[in-house]
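Here are the chains, one letter per residue:
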Amino acid sequence: MCRSEDGQVTERRMHLVRWALTTGWLLIIASLLYDPFTPRFTEPDHPWSPLRLPADCVPVQGTCLTEAPYPLGTTLFWGLVVPAGVFVLLVFGHELWRRICPLSFLSQIPRALGLQRQITRVNPKTGEKRFQLAKVPGDSWLGKHYSQLQFGWLYVGLCGRILFFNADRLVLFAWLSFTIVCAIAVGWLYGGKSWCQYFCPMAPVQSIYSTPTGLLGSRAHMAATPITQSMCRTVQPDGAEQSACVACQQPCIDIDAERTYWARLPTPAFAFERYGYVGLVLGYFLYAGNWDYYFSGVWLRQSDQLALLLRPGFVLFGQPIDVPRLVAVPLFLGLCTWLGVLVGRAIESGLRGQMRRRGAEPDRDRIRHRVFLVATYLVFNFFFLFSGRPLILLLPAWVQYLYDVILVALSTLWLYRAWGRSPALYGRENLAERFRKQLARMDLDVGRYLDGRSIADLGTEKVYVLAKVLPGFTGQKRLEAYKGVVREALEEGFVNAASSLDVLKQMRLSLGISDDEHRQLLEELGVEDPGLLDPDSRRSLEDQIRLSGYRKSLERLLLVQSLGDGSGRAGARGDARDDWGALRALRREYGISLGEEQRVLGDISPRAAAIRKLELLLDRLPALTGGYRALHQSALRDQTAVLDLLDDRLQLRKELTLRAILAGLVTLQEDPVVPALVQRLQAISPLGLPELVQGDDWAGRLPTAVAEALAQPGGEIASCRLDLPVADTLTFLESLAADPSPTMAAAALYLTACLDAERARSLAVQVSGKDTPPLLAQTAQAVGALQGPPALRDCPELEKRVFLATSDFFRRSDADTLATLAEQADMRSFCRGDLITEAGDTCRELLLLIEGRAQVRHRDGEREWLEDMEPGRVLDELEVLTHSTSESTIVAEADGTRVLAVPVDSFDVVLERDPDFARRVLELESAQLQRLMRAKAG
């Protein structure tokens, strides 16, 4: 069979399969209206047909059913088509079922004819109108409650089978025709596979039997191709397949079934769907109370099904109960559904209680996942105990036995394969696959380490082991690869800025990357793509695939246009209209907004990408340059150390942003848009920019005119008024409280408490949670307990980090470095005249003066001199570095003098782990030695 590169059957071949199956399915439905051929095979005296009517009596509620020759349409539909669908789902997964489902195929008729409904979107800034395919809004009633609608339709369908159309061919024809019309109507109303995602009553069955994965199903998160599982696709003229995803649902089971499974696992709707289905199936097959009724298949050929609607619906111990079947059937199936949900939840609760009694904290997701698996395993085998059995019983006994063994074996293998799956394992595999892609993009010699295998053959953990031993995979390349993983994970919505630290923890440990290096990478990514870390900018894998499909279609359209221009078609009015119409059709099909179009054009054109990035960075820059005014309120004048910390961090981000802007201008060079961008940059950031341009090699890389313009402050430098309203400062601080850096977030929360205690307590509740970093959690707890004006010493962990980060010795050190030192440091207080250290003492601690004054008495032979120390200075640092005894005596010169003492062992560990910190320490100590030499000479 013709297959694509990823091993899947090609879309062209699958299209033919869909046509064949749909035609066969429609023929079966048509036979419900007219079938003069098949009844002869059911006549009692047929010489060889296994379907001939038996002479035995089949009792139902105490009476024998009268039977007559019948067409085989209902027998084929209920006895073959439906069981085959359930079998395909469990064994091959939803990806095969969705690609061959006739109803899904028919729902795409409006799309194939170009007749789908469109809605108008108006850009609020420009007023531009764009037509887009209508999609089900995620925040609509349908978007929130579609699973209840689908399950309700399934429930009505099973009730209808017992009451109306198990055997009545005309009613079954009407029901199936109604369903087909609904599918086509939904295909016109909404784009994508909205019928499958939001309406189809088979969807709960698909989800139950095929997730987290079919026995032979593929794993989309480890696929080498961007077109995974049953996602929408089209075939280009050259035979290449291209994504046609319009992101009609997020997350989408057609893109990654297991991802959707883990996302829905904790939700009550998913639990109801699973447990309710088990109860519904049990109720359906138990309703008759007579196994012979099902095994004989007489229910497929009852000619008087509608006449039974008002007959007694229950029989208890041989006595009919006067409740009409029309009422009894919905009651009984509804009761069984409710009991299924109750029993499933009770089992979950019992298992959690058992775990607690053993002294362990229960993993709710793992428990629910395994209860789901057992429930699916049992209901699958129970389903096939009855479904299809009328046809199976016609076969020889050994075939029946083999049939049962195969079903149990396959379902057992499915259970075994899915038993060990978990969200954590899925996440590790997902990240490992992303890391493989990053390694593949690097020119590394991996052949001699893999014995002929490829990187794709390595397991989740082995790929990290390989990365550690590769000779060319230096620390810098390791960071580049990790940065690529983080960027992809953020773009696809797999993580956000807040959750990335925790989700990627195991990967960082495997690669030897620190938490602070991760945060630094986030800073860089935020500068390179300002929208990437925006919490209000919703990112998803589905949107990435949608934009990827649009980009490839647009590239193909531009290529066709360029070839046309080369052949002399350019300038033809009709051709221009055709090209414009094709572009609008692409926008409409993929639902492309103006911002998304700019992003895609940026991917296609480096110039457009550079312009877009510059505009985003320039939009972001005013908030950074205005941070100084927002922070320096008169009410915060006593919080100098905390303000210095935030000023320093914001200044660092401003420098990164300015460097990224200059890099963009280097890319554009003499482009006509550059003068306007330069003028805008000068107006936003007139100070600091000339020094940056002159200090680095930007002058040699930028065009001469641009370099000369940026070397001078542009525009009029407005006077810096610091009388900003307090409300604006509080708003700015609240934005910083959501910062990925725990130190900045904690400092912003503390300053909020200095301005508005009540607002700070409310903010403390908002930022608290199980994933909150320890420093922020401790600060939030301290702020919540404040009864009066706050003092920095009320937040001891924050205080340590503030004074470490603002000292000359530790300024701009990694957050991990500061955290390590702060965890081991002690705060000590002294009164005026107290001895802090004495000459001859062994230096076991690095002392940082944070409050008060101290005097150092230096002695060199007979010569002695005094030196006053101000807060922020480190005491005896030279002796600490050399592990020698102190040659000076240090005395406190003011009451309330406070010193932060860092153990020398902790300091040595940080020096070994952080080369950048060690380099800066050496630079500071060189300056200190020169200063001491000058003091001695004086």
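Procedures and definitions
Along each chain, numbering runs from 1 in the same order as the chain's sequence is written. It should be noted that, the model being predicted, local features are given only for residues of pLDDT at least 70 and side-chain atom pairs only at 80 or more, the latter also being counted only at that level, while totals for whole chains, interfaces and linings use all residues. Based on all heavy atoms of the structure, the side-chain values leave hydrogens and waters out of the count. Helical segments are the DSSP runs of H or I of at least four residues, strand segments are the runs of E of at least two, and each set is numbered from the N terminus. Partly exposed residues are those whose accessible area sits between 20% and 50% of the maximum for their type, while under 20% is buried and over 50% is exposed, using a 1.4 Å probe and protein chains only. All accessibility values rest on the Shrake-Rupley procedure with a 1.4 Å probe; residue burial counts only the protein chains present in the view. Contacts were defined at the residue level, with two residues in contact if any of their heavy atoms lie within 4.5 Å. Aromatic pairing here means that ring centres of Phe, Tyr or Trp (its six-membered ring) are within 6.5 Å. Orientation follows from the plane angle: under 30 degrees is stacked, over 60 is edge-to-face, and everything else is tilted. For a Lys NZ or an Arg CZ to count as sitting over a ring, it must be within 6 Å of the ring centre and within 35 degrees of the ring normal. Whether two strands pair comes down to DSSP finding at least two bridges between them. Each residue after the first adds 1.5 Å to the expected span of a helix. Salt bridges, as used here, are contacts in which a Lys or Arg side-chain nitrogen is within 4 Å of a carboxyl oxygen on Asp or Glu. The predictor's confidence in any single residue is recorded as pLDDT, a number from 0 to 100. Directions from the helix axis toward the C-beta atoms define the arc. Patch membership requires more than 30% relative accessible area and the absence of a salt bridge. Residues of like charge join within 9 Å; the nonpolar side chains Val, Leu, Ile, Met, Phe, Trp and Tyr join within 5 Å. Count a disulfide wherever a pair of cysteine sulfur atoms falls within 2.5 Å. Residues grouped as a nonpolar core are buried Ala, Val, Leu, Ile, Met, Phe, Trp, Tyr and Cys residues, joined through side-chain atoms within 4.5 Å. Under this scheme, a helix contributes an axis fitted over its contacting stretch, all axes are lines through C-alpha atoms, and angles between N-to-C directions fall in the 0 to 180 degree range. Every angle not falling under 35 degrees, over 145, or within 65 to 115 is termed oblique; those three ranges are roughly parallel, roughly antiparallel and roughly perpendicular. Put simply, Ala, Val, Leu, Ile, Met, Phe, Trp, Tyr, Cys and Pro go in the nonpolar bin, Asp, Glu, Lys and Arg in the charged bin, and everything else, Gly too, in the polar bin. The crossing is said to be left-handed when, going from far helix to near helix, the turn is anticlockwise and less than a right angle, and right-handed when the turn is clockwise.

Looking at the overall build of the chain
Secondary structure assignment for the chain yields 42 helices and 16 strands. Looking at the chain as a whole, 49% of its 938 residues are labelled buried. Counting every atom, the chain has about 45100 Å² of accessible surface; 57% of that belongs to carbon and sulfur.

Observations concerning unusual backbone geometry
Here the amide bond leading from Thr211 into Pro212 is cis, since omega sits at 10°, within 30 degrees of zero. Within the secondary structure, Pro212 is located in the loop between helix H9 (203-210) and strand E5 (233-235). Each neighbour pair has its own omega, and for Gln250 with Pro251 the value is -5°, a cis peptide bond. Looking at the secondary structure, you find Pro251 in the loop between strand E6 (241-243) and helix H10 (257-264). In this structure, Ala247 takes a positive phi of about 55° despite not being glycine.

Describing the environment of Leu792
Within the secondary structure, Leu792 sits in the loop between helix H37 (774-785) and helix H38 (796-806). Given a relative accessible area of 10%, Leu792 falls into the buried group. It is 9.4 Å that separates the C-alpha atoms of Leu792 and Ala641, two residues lying 151 residues apart in sequence. Contacts of Leu792, omitting those with residues within four sequence positions, involve Val642, Tyr750, Leu798, Glu799, Val802 and Phe803.

A short note on the packing of aromatic side chains
Under the definition given, this model contains 27 aromatic pairs. Geometrically, the ring pair formed by Tyr261 and Phe270 is edge-to-face, given 5.7 Å between the ring centres and 75° between the ring planes. Classification of Phe270 as buried rests on a relative accessible area of 1%. Members of the aromatic cluster, each reached through a chain of ring pairs, are Phe77, Trp78, Trp153, Phe165, Trp175, Phe178, Tyr190, Trp195 and Phe199. Across the ring face of Tyr190, the terminal group of Arg117 is positioned such that the distance to the ring centre comes to 5.4 Å. The positively charged end of Arg161 is found above the aromatic ring belonging to Trp78, 3.7 Å away from the centroid.

A closer look at the pairing of strand E11 (residues 845-851)
With respect to burial, E11 is a largely interior element, five of its seven residues being buried. Where E11 and strand E16 (residues 897-903) come together, six bridges link them in antiparallel fashion. Each residue of the ladder has a partner; that of Leu847, found in E16, is Ala901.

Here we look at the environment of Lys193
You can see Lys193 is positioned in the loop between helix H7 (169-189) and helix H8 (194-199). For the pair Lys193 and Gln249, spaced 56 residues apart in the sequence, the C-alpha separation amounts to 8.6 Å.

Describing H37
With twelve residues, H37 should reach 16 Å at 1.5 Å per residue; the first-to-last C-alpha distance of 17 Å fits that figure. Along its buried surface, H37 packs onto helix H34 (726-737), helix H35 (742-755), helix H36 (757-767) and H38.

Overview of the pattern of salt bridges
A complete count under the given rule lists 26 salt bridges for this structure. A salt bridge links Arg436 to Glu433; the shortest N-O distance between them is 3.1 Å. With a gap of three residues between them, Arg436 and Glu433 both fall in helix H17 (residues 423-440), about one helical turn apart. The partner of Asp543 in a salt bridge is Arg546, with the nearest N and O atoms 3.0 Å apart. One end of the pair, Asp543, and the other, Arg546, are both in helix H24 (residues 541-566), three residues apart, so they sit about a helical turn from each other. When its relative accessible area of 11% is taken as the criterion, Asp543 is described as buried. Arg546 gets classed as buried once you look at its relative accessible area, which sits at 3%. Through salt bridges with shared partners, a single network forms among Glu11, Arg18, Arg99, Arg233 and Glu241.

Overview of the pairing of strand E8 (residues 319-324)
Buried residues are scarce in E8, accounting for zero of its six residues. With four bridges joining them, strand E7 (residues 312-316) and E8 adopt antiparallel strand pairing. By the bridge assignment for E8, Phe314 is matched with Ile321.

A closer look at the confidence of the model for the chain
When pLDDT is averaged across the chain, the result is 81; 85% of the residues are at 70 or more. Put simply, helix H40 (residues 877-882) is where the chain has its lowest mean pLDDT, 56, and H7 is where it has its highest, 95. Low pLDDT, under 50, characterises residues 567-573; the stretch is placed with five contacts to residues that sit more than four places away or in other chains. In the predicted structure, residues 715-719 sits below a pLDDT of 50 and forms two contacts with residues beyond four places in sequence or in another chain.

Quick look at H34
For H34, spanning twelve residues, the distance from its first C-alpha to its last is 16 Å, which sits close to the expected 16 Å at 1.5 Å a residue. Among all positions in H34, only Thr729, Leu730, Phe732, Leu733, Leu736 and Ala737 are buried. Projection of H34 onto a plane perpendicular to its axis shows the buried side chains occupying an angular sector of 160°, all on one side. Looking at the buried side of H34, the elements it contacts are helix H27 (606-625), helix H28 (627-631), helix H29 (640-668), H35, H36 and H37.

Regarding a nonpolar patch on the surface
There is a patch of nonpolar side chains on the surface, built from Ile109, Leu113, Leu115 and Trp188 and spanning about 390 Å² of accessible area. Mapping Ile109 onto the fold places it in helix H5 (residues 109-113).

Quick look at the side chain of Glu273
The topology assignment puts Glu273 in helix H11 (residues 268-286). When neighbours within four sequence positions are excluded, Glu273 is seen to be in contact with Ser147, Phe151, Pro204, Ser207, Ile208 and Arg264.

Concerning the state of the cysteines
All told, the structure shown has zero disulfides when counted by the stated rule. You can see Cys196 has no disulfide; the closest cysteine sulfur is in Cys101, sitting 6.1 Å from it. Looking at Cys196, the relative accessible area reads 5%, which means it is buried. With no disulfide of its own, Cys248 has Cys252 as its nearest cysteine by sulfur position, at a separation of 5.7 Å. For Cys248, a relative accessible area of 9% gives the class buried.

Describing the nonpolar core
One finds Trp195, Phe199, Tyr209, Tyr277, Tyr284, Phe285 and Leu333 to be the most contacted residues of the largest nonpolar core, which totals 76 residues. Here Tyr284 is in contact with Leu158, Arg161, Ile162, Asn166, Tyr294, Trp299 and Leu333, once residues within four sequence places are set aside. Core analysis: the next-biggest nonpolar cluster, separate from the first, contains 56 residues, Leu624, Ala630, Leu786 and Leu846 among them.

Regarding the packing of H35 against H37
Following both chains from N to C, one finds H35 and H37 inclined at 10°, their axes separated by 8 Å at the closest point. Relative to H37, H35 is oriented roughly parallel. Of the residues in H37, those in contact with Pro742, Thr743, Ala745, Ala746, Leu749 and Ala753 of H35 are Leu775, Leu776, Thr779, Ala780 and Val783. Broken down by class, the residue content of the contact of H35 with H37 amounts to nine nonpolar, two polar and no charged.

Considerations on the packing of H29 against H38
It is at 9 Å that the axes of H29 and H38 come closest, and there the two elements cross at 60°. Relative to H38, the element H29 is oriented oblique. The element H29 and its partner H38 pack so that their crossing is left-handed. Touching Ala641, Val642, Asp644, Leu645 and Arg649 of H29 are Val802, Phe803, Ala805 and Thr806, all from H38.

Points about the side chain of Arg653
Locating Arg653 in the fold gives a position in helix H29. Residues contacting Arg653, with those up to four places away along its chain left out, are Glu523, Leu624, Asp739, Ser741 and Met744.

Description of the environment of Ile119
When you line up the elements, Ile119 lands in strand E3 (residues 118-122). With 15 residues separating them in the primary sequence, Ile119 and Ala134 have C-alpha atoms 5.7 Å apart. Here Ile119 is in contact with Arg130, Phe131, Gln132, Leu133 and Ala134, once residues within four sequence places are set aside.

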